[in-house]
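# Coordinate inspection notes
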Amino acid sequence: MKILVSSCLLGEDTRYDGANSSVALNPRFRFAQKELFMDIMCENEIFSICPEVAGGLGVPRNKAEIQSHKKPFLVLDEKQNDVTINFLLGAKKALDICLGNGIKVALLKSKSPSCGNKQVYDGTFLGNLIDEKGLTARLLEENSIKVFNEYEIEELNKFIKDNK
Ligand code: SF4
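Residues numbered from 1 in each chain as written. Predicted model: local features only at pLDDT ≥ 70, side-chain atom pairs only at ≥ 80, totals over all residues. Heavy atoms only, no water.

- Per an unreviewed UniProt entry, the chain goes by the name DUF523 domain-containing protein and belongs to Aliarcobacter trophiarum LMG 25534.

## A closer look at the side chain of Asp 77
- Note that Asp 77 resides in strand β4 (residues 74-77).
- Buried charge without a partner: Asp 77 forms no salt bridge, and the closest opposite charge is Lys 79, 7.5 Å away.
- Polar contacts involving the side chain of Asp 77 include one to the side chain of Asn 62, which spans 3.0 Å.
- Setting aside its immediate chain neighbours within four residues, Asp 77 contacts Asn 62, Lys 63, Ala 64, Val 83 and Phe 125. (Helix = DSSP H or I, 4+ residues; strand = E, 2+ residues; numbered from the N terminus. Buried < 20%, exposed > 50% of the residue type's maximum accessible area, 1.4 Å probe, protein only. Lys, Arg positive; Asp, Glu negative; His and termini not counted. Salt bridge = Lys/Arg side-chain N within 4 Å of Asp/Glu carboxyl O. Polar contact = N/O pair within 3.5 Å; in protein donor to acceptor, adjacent residues only side chain to side chain. Contact = heavy atoms within 4.5 Å.)

## Concerning the packing of aromatic side chains
- Counted by the stated rule, this structure contains 2 aromatic pairs.
- Ring plane angle 35 degrees and centroid distance 5.3 Å describe the contact between Phe 29 and Tyr 151, whose orientation is recorded as tilted. On the criterion of sequence distance, the pair formed by Phe 29 in the loop between β1 (2-6) and α1 (31-43) and Tyr 151 in the loop between β8 (146-148) and α5 (153-162) is long-range, its members being 122 residues apart. (Phe/Tyr/Trp six-rings, centres within 6.5 Å; stacked < 30°, edge-to-face > 60°.)

## Section: α1
- Here α1 is 13 residues long and its end C-alpha atoms lie 18 Å apart, about the 18 Å a rise of 1.5 Å per residue gives.
- Within α1, the full set of buried residues consists of Gln 33, Lys 34, Leu 36, Phe 37, Ile 40 and Met 41. Buried residues of α1, viewed axially, fall in a sector of 160 degrees; they line one side. Counted as exposed and oriented over 90 degrees from the buried face of α1: Phe 31, Cys 42 and Glu 43.
- If you follow the buried residues of α1, they end up packed against β1, β2 (45-49), β5 (105-107) and α5. (Expected span 1.5 Å × (residues − 1). Arc of directions from axis to C-beta.)

## Some remarks on the pattern of salt bridges
- Under the counting rule described, the total for this entry stands at 8 salt bridges.
- Arg 15 is the partner of Asp 17 in a salt bridge, and the nearest nitrogen-oxygen pair spans 2.6 Å.
- Asp 17 gets classed as partly exposed once you look at its relative accessible area, which sits at 37%.
- We classify Arg 15 as partly exposed; its relative accessible area is 27%.
- Among the ionic pairs, Lys 118 bridges to Glu 152, the shortest N-O distance being 2.2 Å. Of this pair, Lys 118 sits in the loop between β5 and β6 (120-121) while Glu 152 sits in the loop between β8 and α5, and the two are 34 residues apart along the sequence.

## Some thoughts on the state of the cysteines
- In the structure shown here, the tally under the stated rule is 0 disulfides.
- Here Cys 98 is not disulfide-linked; the sulfur of Cys 115 is the nearest cysteine sulfur, at 11 Å.
- Judged by relative accessible area, which is 0%, Cys 98 ranks as buried. (Disulfide = S-S within 2.5 Å.)

## A look at the environment of Lys 34
- Assignment of secondary structure puts Lys 34 in helix α1.
- Note on Lys 34: relative accessible area 18%, which makes it buried.
- C-alpha separation for the pair Lys 34 and Gly 56, spaced 22 residues apart in sequence, amounts to 31 Å.
- For Lys 34, the residues in contact, after removing those within four places along its chain, are Val 23, Ala 24, Leu 25, Asn 26, Pro 27 and Phe 29.

## Some thoughts on the pairing of strand β3 (residues 64-68)
- Where β3 lies against β4, 4 bridges are found, and the strand directions are antiparallel. If you follow Ser 68 over to β4, its bridge partner there is Leu 74.
- The loop that links β3 with its antiparallel partner β4 comprises 5 residues. (Pairing = 2+ DSSP bridges.)

Next comes the structure, spelled out in structure tokens:
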């Protein structure tokens, strides 16, 4: 199966702080979870994207949070620069990859203002989470692409098996 995956989950240093969110090397995951992640990555066709880099932002970059979750969307970085267009462009590029390659499922990094599929930070830069979606996760789901995060690897595995 073809799967779109957040670059940082694969170990690429694309995060705002110049680091990555590698699942394979994260001590918070049990070995069995890492093994399942690696099996999925090895047995499927993986398309890696960092929407924020694809949208023209650099690494490292200022931390950004969504201020408006409805159109017109608004994303500001911690210095109050408007980076909405970069986030929208990255989301569109991720969607284009999915539509162009027949990708029906994505594994995206949780809590990210681009990739988060369940929760994101609330826009205050105080570390508060709210039940909202990142702009890429939102656009993919609006186009019927199923999105899982790195804590839903078992669910992703079930989806793959059920849709073979
Ligand atoms: S935008 Fe997504 S892929 Fe890029 S660093 Fe943030 S969470 Fe990872």
